[in-house]
Amino acid sequence: MDLNAVLGGMLGLAAGDALGVPVEFMSRASLEKNPVTDMRAFGTHDQPAGTWSDDTSMALCLMDSLTHGLNYEDMVERFLRWAETGYMTAHGEVFDMGLATRSALVQYAHGKPALSCGGAGEYSNGNGSLMRILPMAFYLHEVIGPDFPEKAEAYEAIHRASMVTHAHPVSQMACGLYCSIANALLCGGCVQDGIELARAFYRTQPVFSPYLESKFKRVDTSVLLSLPREAVNSSGYVVDTLEAALWCVVRFCGYRDCLLEAVNLGNDTDTVGAAAGGLAGLRSGLAGIPGEWLSVLAKREEIEELCGKFYRSLCGTRR
Ligand SMILES: [Mg+2]
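Below is a short write-up of the structure. Nothing here was measured: the structure is a model prediction, and the numbers come from that model. (Residues numbered from 1 in each chain as written. Predicted model: local features only at pLDDT ≥ 70, side-chain atom pairs only at ≥ 80, totals over all residues.)

1. Regarding the overall build of the protein
Then comes step 1: Secondary structure assignment for the protein yields 16 helices and zero strands.
Then comes step 2: For 319 residues, the compact-globule estimate of 2.2 N^0.38 gives 20 Å, and the C-alpha radius of gyration of the protein, at 17 Å, lies within 12% of that figure.
Then comes step 3: Expressed along its principal axes, the backbone C-alpha trace of the protein runs to roughly 45 × 45 × 40 Å.
Then comes step 4: For the protein, buried positions account for 54% of its 319 residues. (Helix = DSSP H or I, 4+ residues; strand = E, 2+ residues; numbered from the N terminus. Rg over C-alpha atoms; globule rule 2.2 N^0.38 Å. Buried ≥ 20, exposed ≤ 12 C-beta atoms within 10 Å, placed from the backbone.)

Spelled out as structure tokens, the structure:
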């Protein structure tokens, strides 16, 4: 893995998030009349252009935690620091937080162990763990190896990184699929390579296998390519977000086209943008992300420094 993939992935995620922030919750119909074509200022959260949200903050918290190894308590400590003090925010304040994340952090603050804090109900499947999970793919690719999507211990780590806020099997699987796809792209393969490896693993797991059919049937490149735009739901439900992001990533090779499609789907624009942007950015590398988007991106240099620190911490960790 080279540093450029980490930079492309993390800045791609942040830029996709920032592209979606001003139009979060806008409908597809209203975006059709006034589509996003560039970084905008103000809008939904009244922020300057290039401001990213909780998606990027939590991904940066996770990445920085992994710089010191795999420690779930440390991950949640950092999420709590973000929520309480504005650590890893674009401009020092938290302006968006998901309900499941808030509830998990309250429980953690009251002394519950990190791995018991996430909601496990069917209705606790928002996209809050999917949006931040990308650094786990980089970490496992280096520490376990590029074949990590064939190893149960890798899924266990990904699932736990989800469980601290989102513990339902569907949220865990969305994270597992996403990391396997990211790894396939890191290896120079395609989205479907990653989907197939994750499916092969989940088929062997009785807790997860029923959901392959009932929830993740459309997470397949040929199915996604056959879906018309009207059939793609870009909501905050984790399965919808994963499908919407992948629908864009398999259709568009270039970062810019992929991300404009992602945010113009409407609704949970910042998180669909973040999820698509992480994959499209690691595929294209930093050079694929429009320079005018990067130039307004909040804390770009700090994100680059954090990526460098993370990358250096991983060198030589392969077991
Ligand atoms: Mg957000």
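2. Thoughts on the packing of helix H12 (residues 238-251) against helix H13 (residues 255-264)
Then comes step 1: Put simply, H12 and H13 touch, their axes get as near as 9 Å, and they point 150° apart. On the basis of the axis angle, H12 is roughly antiparallel to H13. As for how H12 packs across H13, the hand of that crossing is right-handed. Seen from H12, the contacting residues are Ala244, Ala245, Cys248, Val249 and Arg251; seen from H13, they are Cys258, Glu261 and Ala262.
Then comes step 2: Looking at the contact of H12 with H13, its residues break down into six nonpolar, no polar and two charged. (Axes fitted to C-alpha atoms, helices over the stretch in contact; angles between N-to-C directions. Parallel < 35°, antiparallel > 145°, perpendicular 65-115°, else oblique. Left-handed = near helix turned anticlockwise from the far one by under 90°. Contact = placed C-beta atoms within 7 Å. Nonpolar A, V, L, I, M, F, W, Y, C, P; charged D, E, K, R; others polar.)

3. Re the environment of Gly50
Then comes step 1: Examined against the element boundaries, Gly50 turns out to sit in the loop between helix H2 (28-33) and helix H3 (54-66).
Then comes step 2: Since 22 C-beta atoms lie within 10 Å of it, Gly50 is described here as buried.
Then comes step 3: Through-space distance from the C-alpha of Gly50 to that of Lys299 is 9.1 Å; in sequence the pair is 249 residues apart.
Then comes step 4: Excluding residues that lie within four positions of it along the chain, Gly50 makes contacts with Ala18, Met39, Val296, Leu297 and Ala298.

4. Things to note about unusual backbone geometry
Most peptide bonds take the trans configuration, and most residues that are not glycine carry a negative phi.
Then comes step 1: Non-glycine residue Phe25 carries a positive phi angle of around 75°.
Then comes step 2: Locating Phe25 in the fold gives a position in the loop between helix H1 (3-20) and H2.
Then comes step 3: Residue class for Phe25 comes out partly exposed when judged on the 13 C-beta atoms lying within 10 Å of it.
Then comes step 4: In the Ramachandran plot, Met88 falls in the positive-phi region, its phi being about 60° despite a non-glycine side chain.
Then comes step 5: In this fold, Met88 is placed in the loop between helix H4 (72-85) and helix H5 (99-109).

5. Things to note about the nonpolar core
Then comes step 1: Core analysis: the biggest nonpolar cluster contains 107 residues, and Leu242, Ala245 and Ala276 have the highest contact counts within it.
Then comes step 2: No other element matches helix H8 (residues 169-186), which puts twelve residues into this core.
Then comes step 3: The contacts of Leu242, once residues within four sequence positions are left out, are Leu130, Ala174, Leu177, Tyr178, Val219 and Ala275. (Core = buried A, V, L, I, M, F, W, Y, C linked by C-beta atoms within 7 Å.)

6. A short note on H1
Then comes step 1: With 18 residues, H1 extends 26 Å from end C-alpha to end C-alpha; this agrees with the ideal 26 Å at 1.5 Å per step.
Then comes step 2: Among the 18 residues in H1, 16 count as buried, and that is most of the element. (Expected span 1.5 Å × (residues − 1).)

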